[in-house]
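# Close look at the chain arrangement
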Amino acid sequence: MMIGATGAGDDQSWAARGACAGMDPDEFFVQGTEQNQIKTACGSCPVRTQCLADALDNRIDFGVWGGMTERERRRLLRRHPEVSSWTALLQRAAREAVGS
C-alpha cells in the first residue's frame, strides 16, 4: 500500500497530493536517526501543512508526519494545550505569512 492510495480511484485528498504519495508508508515509521533522514522527503511537499495539522489534530502517535517526528509533535502539543484545531491555526498562519 502506498501513502495517499485509497483504492477508490482518483483520490483528490491532500494525502494523494503529497510528496510521499508514491512512497512506501513503512519508510515513515522508523526510529532514531532514520527519522531525520525521512523528514527530508517532507521538505518541499506541497501539502506538508495539511499533513502536520492532521497528525496534530488526530494525535497520531507514530511516524513522521508533516516533517515532524512523534516526539516533536508531542512536545508541540504539550507546549500548546490550548489549541483545539491545528488545521485552523496553521491555515491562519499560512494566510498571514502570504499577506505580510
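Our structure is the block above this text.
Residues numbered from 1 in each chain as written. Predicted model: local features only at pLDDT ≥ 70, side-chain atom pairs only at ≥ 80, totals over all residues. Heavy atoms only, no water.

So, on to unusual backbone geometry. Phi angles above zero are rare outside glycine, and arginine 59 is one such case at about 50°. Relative to the elements of secondary structure, arginine 59 occurs in the loop between helix H2 (48-57) and helix H3 (70-79). Of the residues examined, arginine 59 reaches a relative accessible area of 43% and is grouped as partly exposed. (Helix = DSSP H or I, 4+ residues; strand = E, 2+ residues; numbered from the N terminus. Buried < 20%, exposed > 50% of the residue type's maximum accessible area, 1.4 Å probe, protein only.)

Another point: a positive patch on the surface. A contiguous patch of positive charge on the surface is contributed by Arg71, Arg74, Arg75, Arg78 and Arg79. The topology assignment puts arginine 75 in helix H3. Residue classification places arginine 75 among the partly exposed positions, given a relative accessible area of 34%. (Patch = residues over 30% accessible without salt bridge, like charges linked within 9 Å, V, L, I, M, F, W, Y side chains within 5 Å. Areas by Shrake-Rupley, 256 points an atom, 1.4 Å probe, with all protein chains shown as cover. Salt bridge = Lys/Arg side-chain N within 4 Å of Asp/Glu carboxyl O. Lys, Arg positive; Asp, Glu negative; His and termini not counted. Charge placed at Lys NZ, Arg CZ, Asp CG, Glu CD.)

Moving on, we come to the packing of aromatic side chains. Summed over all chains, the structure comprises one aromatic pair. Ring centres of phenylalanine 29 and tryptophan 65 lie 6.3 Å apart, and the angle between their planes is 75°; on these two criteria the pair is classed as edge-to-face. Residue phenylalanine 29 is found in the segment before helix H1 (33-39), and its partner tryptophan 65 is found in the loop between H2 and H3; the two are separated by 36 residues along the sequence. (Phe/Tyr/Trp six-rings, centres within 6.5 Å; stacked < 30°, edge-to-face > 60°.)

So far we have only geometry, and geometry alone does not tell us how the molecule works.
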